[in-house]
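The chain contents come next:
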Amino acid sequence: MAKTQETSSRIADNKKAAFNYFFEERHEAGMVLHGWEVKALRSGKVQLTDGYVLIKDGELFLLGCQINPLKTASTHVSPDSARIKKLLLKKDEIKRLVGKVEQKGYTLVPINLHWKNGYVKCEIALAKGKAEHDKRDVIKDREGKREVERAMKSRNR
């Protein structure tokens, strides 16, 4: 994905995924949603941190993504916040992803949800899990940057 997205078009980010996985490839997939889900997404009632992508019968499905219904949801619809959502990709991309996921250590994780031309898109990544020492290195780097920023801030006073 070469184009940069506006921050206002972002719906939700999965920051936990970047901490737990190395991203190899990124893909943008469409989503099959109900009307109440789109309304809930517009108001930001979504949680993506526990989400993952499952491949079944040559199709992609998003599990663990919670879209909480609005209180003003219609009475004739029974919303299910943990409903399995189908992801839309081209058949050749799915076949290539299936081959990669069958390799040891690879999985598909959702990175973010965003708007594109009025449609909700899910950015998914082919990812490999990080080892515990890699996570520790990330934490150590983050804390080092914070200390440097604090020192620079106190020096400028």
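Since the model is a prediction, treat every value here as computed from it, not as a measurement.

Reading guide: rules and limits
- Position numbers for residues count from 1 along each chain, tracking the sequence in the order it is written.
- In view of the model being predicted, local features appear only for residues whose pLDDT reaches at least 70, and side-chain atom pairs are presented and counted only at 80 or more, with totals across whole chains, interfaces and linings using the full set of residues.
- With hydrogens and water excluded, all non-hydrogen atoms of the structure serve as input to the side-chain values.
- Take the buried Ala, Val, Leu, Ile, Met, Phe, Trp, Tyr and Cys residues and link them wherever side-chain atoms come within 4.5 Å; each set so joined is a nonpolar core.
- The buried label goes to any residue with under 20% of its type's maximum accessible area, the exposed label to any with over 50%, and the partly exposed label to all in between, with areas taken from a 1.4 Å probe on protein chains only.
- Comment: elements are numbered from the N terminus, with helices defined as DSSP H or I runs of at least four residues and strands as E runs of at least two.
- In this analysis, strands are considered paired if DSSP registers two or more bridges between them.
- Angular values range over 0 to 180 degrees, each being the angle between N-to-C directions of two axes fitted as lines to C-alpha atoms, with helices fitted over their stretch in contact.
- Working rule for contacts: check all heavy atoms of both residues, and any pair within 4.5 Å makes them a contact.
- Each C-beta atom gives one direction from the helix axis, and the arc is the one those directions make.

Participant: Any details on the nonpolar core? Residues and values, ideally.
Facilitator: Membership of the largest hydrophobic core comes to 27 residues, with the highest contact counts inside it found for Leu-41, Leu-60, Leu-87 and Leu-113. Taken together, the elements giving at least two residues each to this core come down to strand S1 (10-13), strand S2 (21-31), helix H2 (35-42), strand S5 (59-63), helix H3 (91-101), strand S8 (106-116) and strand S9 (119-129). Grouped together as the second largest cluster of nonpolar side chains are five residues, Ala-17, Val-109, Ile-111 and Ala-125 included.

Participant: Describe the sheet that holds strand S4 (residues 52-56), with residues and values.
Facilitator: Here we have seven strands laid out as an open sheet, ordered S1-S8-S9-S2-S7-S5-S4, and antiparallel in their pairing. One side of each edge strand has no neighbouring strand; the edge strands of this open sheet are S1 and S4. Going from strand to strand, the sheet's axes swing by 40° on average, the running direction of each strand aside. In this fold H2 packs onto S1, strand S7 (85-88), S8 and S9, with an angle of close to 75° to the strand it touches most, S8. Those strands touched by H3 are S2, S4, S5, S8 and S9, and its axis lies near 150° from that of S2.

Participant: Quick rundown of H2? Include the residues and the values.
Facilitator: Those residues of H2 lying buried are Trp-36, Glu-37, Ala-40 and Leu-41. Considered in projection along H2, the buried side chains sweep an arc of 140° and stay on one side of the axis. Those residues of H2 that are exposed and aimed more than 90 degrees away from the buried face are Gly-35, Lys-39 and Arg-42. Looking one or two residues past H2, Gly-44 carries a phi angle of roughly 80°, positive in sign.

It is worth stressing that arrangement in space is one thing and function is another; only the former is reported here.
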